[in-house]
Every structure is written in structure tokens, then in C-alpha cells.
Amino acid sequence: AKIHMHRWDVRYEFKSPDCYKKLTITINGKSPGPTILAQQGDTVIVEVTNSLDTENLAIHWHGIRQIGSPWSDGAEGVTQCPIVPGDTFNYRFVVDRPGTYMYHAHYGMQREAGLYGSIQVSLPDGEVEPFVYDYDRSIILTDWYHNSTYEQAAGLSSVNFVWVGEPHSLLIQGRGRFNCSMVTDQSVCNVTNPECSPYFLTAVPGKVYRLRIGSLTALSALSFQIEGHNMTVVEADGHYVEPFEVSNLFIYSGETYSVLVKADQDPLKNYWMTTSIVSRNSTTPPALAILNYYPNHPRKPPPTPPPVGPAWNDVAARLEQSRSVKAHHGYIHTPPPNSDRAIVMLNTQNKINGRVRWSVNNVSHDFPTTPYLISMRKNIKGVFDQKPSPDILPGYNNYNIYSVANNTNATAASSIYRLKFNSTVDVILQNANTMTKNNSETHPWHLHGHDFWVLGYGTGKFDPDEDPQKYNLVNPIMKNTAPLHPFGWTALRFVANNPGVWAFHCHIESHFYMGMGTAFEEGIEKVRKLPSKIMGCGRTRGRKLKTIVK
Ligand SMILES: O=C1O[C@H]([C@@H](O)CO)C(O)=C1O
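Residues numbered from 1 in each chain as written. Predicted model: local features only at pLDDT ≥ 70, side-chain atom pairs only at ≥ 80, totals over all residues. Heavy atoms only, no water.

Undergrad: What am I meant to see in the overall build of the protein here?
TA: Along its length, the protein carries five helices and 32 strands. If you line up the protein on its principal axes, its C-alpha atoms span 75 × 55 × 55 Å. Per-residue burial over the protein gives 59% buried out of 550 residues. In the protein, of all internal contacts separated by at least 6 residues, the share reaching a separation of at least 24 is 79%. (Helix = DSSP H or I, 4+ residues; strand = E, 2+ residues; numbered from the N terminus. Buried < 20%, exposed > 50% of the residue type's maximum accessible area, 1.4 Å probe, protein only. Contact = heavy atoms within 4.5 Å.)

Undergrad: Even after reading the chapter, I still don't get the sheet that holds strand E6 (residues 88–94), so can you show me in this structure?
TA: Overall, mixed pairing links the four strands, which are arranged E2-E1-E4-E6 in an open sheet. Each edge of the open sheet carries a strand with a single partner, namely strand E2 (22–27) and E6. Between one strand axis and the next, the sheet turns through 20° on average, direction left out of account. With eight bridges joining them, strand E1 (residues 3–15) and strand E4 (residues 43–50) adopt parallel strand pairing. Within E4, the position partnered with His-4 by the bridge is Val-44. (Pairing = 2+ DSSP bridges. Axes fitted to C-alpha atoms, helices over the stretch in contact; angles between N-to-C directions.)

Undergrad: In this structure, what is going on with the site of the ligand? I would like to understand it.
TA: Taken together, Phe-161, Trp-163, Arg-280, Gln-349, Trp-358, Glu-441, His-511 and Met-514 form the complete shell of residues around the ligand. For the ligand, an oxygen atom lies 2.7 Å from a polar atom in the side chain of Arg-280. Within the contact set of the ligand, an oxygen atom lies 2.7 Å away from a side-chain nitrogen or oxygen of Glu-441. Within the complex, the protein chains bury 80% of what would otherwise be the 310 Å² of accessible surface of the ligand. Here the residues of the shell around the ligand sort into four nonpolar, two polar and two charged. Inspection of the shell around the ligand shows a minimum of three residues originating in each of domain 1 (3–324) and domain 2 (341–534). (Near = heavy atom within 4 Å. Polar contact = N/O pair within 3.5 Å; in protein donor to acceptor, adjacent residues only side chain to side chain. Areas by Shrake-Rupley, 256 points an atom, 1.4 Å probe, with all protein chains shown as cover. Nonpolar A, V, L, I, M, F, W, Y, C, P; charged D, E, K, R; others polar. Domains from an automatic or database assignment.)

Undergrad: Can you walk me through the domain arrangement of the protein in this structure?
TA: Interface size is commonly expressed as the accessible surface area that is lost when the partners come together. Per the domain assignment, the segments making up the protein are domain 1 (3–324) and domain 2 (341–534). Distance between the C-alpha centres of domain 1 and domain 2: 25 Å. Counting residues at the interface gives 56 residues for domain 1, matched by 52 residues for domain 2. Taken together, the connections running from domain 1 to domain 2 amount to six salt bridges. Among the salt bridges present, the one from Glu-255 reaches Lys-479, with a minimum N-O distance of 2.7 Å. Here domain 1 is connected to domain 2 by 34 residue pairs in polar contact (both at pLDDT 80 or more). (Salt bridge = Lys/Arg side-chain N within 4 Å of Asp/Glu carboxyl O.)

Undergrad: Explanation requested: the packing of aromatic side chains in the structure shown.
TA: Centre-to-centre distance and the angle between the planes together describe a pair of aromatic rings. What the rule picks out here adds up to 21 aromatic pairs. Arranged with centres 4.7 Å apart and planes meeting at 45°, the rings of Trp-8 and Tyr-103 form a pair that is tilted. Linking Trp-8 in strand E1 with Tyr-103 in strand E7 (residues 99–105), this pair joins segments that are 95 residues apart in sequence. According to the relative accessible area criterion, Tyr-103 is buried, its value standing at 0%. By way of ring pairs, the aromatic residues Trp-8, Trp-61, Phe-89, Tyr-91, Phe-93 and Tyr-103 are connected into one cluster. The lysine or arginine in question, Lys-21, covers the ring of Phe-14, its NZ or CZ lying 5.5 Å from the ring centre. (Phe/Tyr/Trp six-rings, centres within 6.5 Å; stacked < 30°, edge-to-face > 60°. Lys NZ or Arg CZ within 6 Å of the ring centre and 35° of its normal.)

Shown next, in the form of C-alpha cells:
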């Protein structure tokens, strides 16, 4: 196994990814940042220098389980103190499974300022994938706001709630196009800026392309489509999928998919690749990229109008595609037949102390200033709420998921779930109506430190007697992120076998910021000695000195 050493300098720079000039977080001058390439079993070391000057930093390696290195997970408040301006921090982890992963900032709402990139882990020498292709490309889809994360965070957490609203544009691999005619100042928005020229993928006629598509949107659920070409889904979150064909790929923030595309259309023209918003009635226009048939000019616009994405409110189509994602027949990890514990997580929008928040079982999550991993491993008392979050909302049976949420009992707390080491845990995510009439949103839930089996998706309210009998225990896909569809439920199973403390949260940046998450602790006593570099905040600060003074 090899060791890959990366040195990253993270700073703010003015960039124009959608032609509009905005302060963007870059890595070594780039957003998206450099792609991490490694082979299964390799060690990756990323030496991160925080040159943001006035802002803390933490970076999460999304989909990497961090077995034996929970302190490298990069979840600020959970596994480490933030990297303060000017400081350097080494992330060191083993990439133990082949597949498509991502990295992104995990401090405040920093991810949406542009700190993200791809991780590609290849198979060991001599091993092959269960599908063939000629070339592969990584494409990360994001949505993009011209407002600063500070402005957004202040609006979300004030009593006079200001919602972030719909994004200004969508980006395909860091490139989009804002309508500059809405901006008078040419120096702020200029369509001829090369930074916002459309992304293109050059295809040699007859060849097969593996597109590794990831989504790191701040808010939006997306559909991705290529004019005139179907796509065969072959990988999801690092696991092989029993291949199925789609004309559009639904993808939620935090997910990755590999699709195969054959360049078998008219080679004399180029084709549109587009991504558009679903699940919200958005005003944001689709992003356009070009599938360029060699040797046409890559900027030659396709002669036809871009394909229109699916209807934003067609939940059934999205549910059906979610259900189609199953483990590839030669690569099934069979889940344990039963679970030791089932946690039903009711997702609600609430008002707490006059502020709009999101809750699970009436608990809206607040992060403690002392990271859980450190306080639990070092037995520092009194830094987070010890009363565990409930496994089911008291009165759940009478909760009407279709009525406007008015459960005034919700509180903000830093409590988490403690799991028995090696136990099998089911999490049933249950959606509900928001505080807006006839409204329920899509929430992609992401689990750190594990892959879970997706046992099933359902509509309406989960029935604890009937629905588990319909779980797919035969060939469920394993993932690290799965959508919870409007007014529906999603059932997940995982084995709590990775010593550490692991965040579990809605991957929508603003929802996570508004409390939509929690954490799981398992086997904390098995965690090796914590590196001192993760400390320095909250009650982890100056501990030795304190003892001496006493
Ligand atoms: O958290 C959210 O708040 C708004 C809306 O529910 C209240 O303005 C919205 O669309 C969200 O997803």
C-alpha cells in the first residue's frame, strides 16, 4: 500500500464560477479542489493549512469510514476542534474500499462557499469491476449562492427568520451561468469570463464513459440528464449496483453514483448535459454542460434545445428510482436478519425560542463546544446533555404526519445516541408536514463512519408491525446517504462496529445548521490515544495547566 501526501492551502479568493464574482473558498487556488486518487488500502495524508485568516476550518472525507482513525473524520464539534486560522492540521486515513467519494468543509455552513472535491479509490492491481468502460470522469454537482455563508447563517438563526431561498445558480463541476443581464456592473458579472465557460466532456464516438457523479448541493435535490443518451447506474456511494438504465438520474446532496454512458449518437453534433432542481418549486434555471463528440469543437452549442428535467413535484418517480438501487448480484453484503434496536426518527420543523428549527423526536441538535469524541474518550463531564434522545417520540402513534407541525414540546439539546458496540441498529426516518400547510420536504440523511443497508422506502406513516416485513433483506444496497422523501419513510440498518462518535444528519447545509442531526457513540473505550492536534477548544483547552494550578 502506498502513502499519498497532499499539501493544501485553503483560502478565500474572488472567483466567478457562474460568471458572478464571489468570495470562494479555494484549495491551492481551485474550487472544486484537487481530486484525491488512491488505490484500495492506501493511506492518504492531507496537510491542511487554514489560510482563511478570519475563519475556522474542518474537512470531512465523505464516505471514508475512518476505521481506526475517528479523529480524522473532520466533523467539527464531533471529532475535532476546528483548525484555527494560520494553523496546519494533518488528516490521515486509509481508503479501505474502492469507489467514488468526496470531501468537503464541515464547519458552520462553509461547504457551500466552495470547499469540496472528489476522491476516487481504485481497485487493487489485478481486480476488475463488474462492468467495463473506456474512460472515467468525476463530476460534482452543486448549487451556488451569491450571498455569504455569514449572511445566510445569521438569517437562519435570528428570531426574524430569513430563509436562504433558492440558489442563484447550479454548477456542474464548478461551472454554471448566472444571467448577467440582471447585474449592471460588468466587473461583477461578465459572461465572457473563462471561469464560467461551460463544463464539457469530450467523448470519442463508440467509447463508454463512466461518469462518477456526486452531489454536494447546499439545498437542492437534483436531476441529471444527457440529451439523447440513457445512463446505466452501476455504483452508489462506493457499492456496486445491479445495473439499471435511466434517462435521468435523481441525486441528493451527499450521494455519489457512477453511470455508464455510451457515445453512440450522431458524432457530427454535441449534446447537452443538464442538471435541474426537483422537490422544490425552484426559480433556479438548470445548469448546462456539453457532451462533446470528438472532433467537434467543445464549445459548439448543440443544435437542439436542452432537455427539460422532470417535474419538480413528481415524488413517485423519485421514490421509484430510489427503490431501484439494489446491490449487484455478485457483491451482496447480507444484512443481519434482525436488529437489536430500532430508532424511529420523526423529522419535524419546529419553532424553538422563537426560532425556526428542525428536530428529530422533538430534539433539535446543538453542538457542544467540546467535541464528543474528546469529552467521551477523556471522560470530561458536563459538556453535553446526558439525557439520551428518545428512540421514539412519546405519543408517536398519535402523531399526524399530515398536519402542520405545532409540537411545542421541541427543545434544543446536545444529547446523542449511545449504541452497544457491535449491535445491529435500525433507523427509521419518518417524514412529516413542515410548518407550512401541505408541505413536506426531501431530506438526504448522511451517516459518518459507516455504510448502512437501505432496507426500504415507504409512503405515509411507518407501520412498526407491517412495514418491517417488507424490508429487503435479500439484496439491499449499502450507502452512506439516503433520501427521506416527502411524507414518506426510509428504513436503514447498520452495525455499530466502528469505535468512535459519528455524526448523522440531514445533508442540506441550512437544515443541519438548524439542528437537523444527531450523533452515535459506539465503543468509545476502544478508541486509541487521541492525537493532541484535535484538541484546544472548549474544555479540552489547558487541561494539564488546570490540574497543576489545583
Ligand atoms: O427550513 C426551511 O425553511 C423554509 C420554510 O419552511 C420556511 O420559510 C424552507 O423551505 C426550508 O426548507
